[in-house]
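Take a look at the letters that make up each chain.
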Amino acid sequence: EKWRCMRDACSHRFAPLSEGRVLSTGCIQCSYHGWEFDGEGGCVNVPQAENQDLVEKAKATMQSRVPGFPVREVAGMLFVWPDSSPEAA
């Protein structure tokens, strides 16, 4: 398994992702509108989208992503660097 850490805010309406759930696919689902995000923070599903083209459009935009933070496991402990800039990785 690979540990992930993301900002606790859905990119759609900024609802806390910590109130959502982790699906069997490993994606996290927002409890507010059900948007789903993969381990990289990318939007993978928009349940209320009228057609697949709208889902694909949402997935392709950077605005739909949830910023993630670098995580390292050392000696059984997790360390998170709370900076989502490219230089932090």
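For the structure, check the block above.
Below you will find a few notes about this structure. (Residues numbered from 1 in each chain as written. Predicted model: local features only at pLDDT ≥ 70, side-chain atom pairs only at ≥ 80, totals over all residues. Heavy atoms only, no water.)

Moving on, we come to a nonpolar patch on the surface. A cluster of nonpolar residues, V74, M77 and F79, forms a patch on the protein surface that exposes about 290 Å² of accessible area. Residue class for F79 comes out partly exposed when judged on its relative accessible area of 44%. (Patch = residues over 30% accessible without salt bridge, like charges linked within 9 Å, V, L, I, M, F, W, Y side chains within 5 Å. Areas by Shrake-Rupley, 256 points an atom, 1.4 Å probe, with all protein chains shown as cover. Salt bridge = Lys/Arg side-chain N within 4 Å of Asp/Glu carboxyl O. Buried < 20%, exposed > 50% of the residue type's maximum accessible area, 1.4 Å probe, protein only.)

Moving on, we come to the pairing of strand β5 (residues 71–74). Pairing analysis gives four bridges linking β5 to strand β6 (residues 77–80), with the strands arranged antiparallel. Counted as the bridge partner of V74 is M77 from β6. Hairpin connection of β5 to β6: two residues between the antiparallel strands, including A75 at a positive phi of 55°. (Pairing = 2+ DSSP bridges. Helix = DSSP H or I, 4+ residues; strand = E, 2+ residues; numbered from the N terminus.)

With that out of the way, let us pick up the state of the cysteines. Two cysteines whose sulfur atoms are joined by a covalent bond form what is called a disulfide. Taken as a whole, this structure holds zero disulfides when the rule is applied. C30 takes part in no disulfide bond, and the closest cysteine sulfur to it belongs to C10, at a distance of 3.9 Å. (Disulfide = S-S within 2.5 Å.)

Spatial ordering of the open sheet is given by β1-β2-β3-β4, a layout of four strands whose pairing is antiparallel. Looking at which strands have only one partner, the edges of the open sheet turn out to be β1 (21–22) and β4 (43–45). Note that β1 and strand β2 (residues 28–29) share two bridges and pair antiparallel. Bridge pairing in β2 places R21 opposite Q29.

The subject of this paragraph is the packing of aromatic side chains. The description of an aromatic ring pair rests on the distance of the ring centres and on the angle between the ring planes. Following the criterion strictly, the structure yields one aromatic pair and no others. Taking 6.5 Å as the distance between ring centres and 35° as the angle between the ring planes, the aromatic pair formed by W35 and F37 counts as tilted. (Phe/Tyr/Trp six-rings, centres within 6.5 Å; stacked < 30°, edge-to-face > 60°.)

Scanning all chains against the criterion turns up two salt bridges. Notably, a salt bridge pairs E40 with R4, separated by 2.4 Å at the nearest N-O pair. Here R4 lies in the segment before β1 and E40 lies in the loop between β3 (36–37) and β4, a separation of 36 residues in the sequence. Residue E56 is joined to K59 by a salt bridge in which the shortest nitrogen-to-oxygen separation is 3.4 Å. Remark: K59 and E56 occur in helix α1 (residues 52–60); sequence separation between them is three residues, near one turn of the helix.

Here we take up unusual backbone geometry. Residue F14 is not a glycine yet carries a positive backbone phi of 60°. Within the secondary structure layout, F14 lies in the segment before β1. Accessibility expressed as a relative area gives 65% for F14, which makes it exposed. Phi at A75 is positive, roughly 55°, even though this residue is not glycine. Within the secondary structure, A75 sits in the loop between β5 and β6. Residue classification places A75 among the exposed residues on the basis of a relative accessible area of 74%.

In short, shape yes, function no, at least from these values alone.
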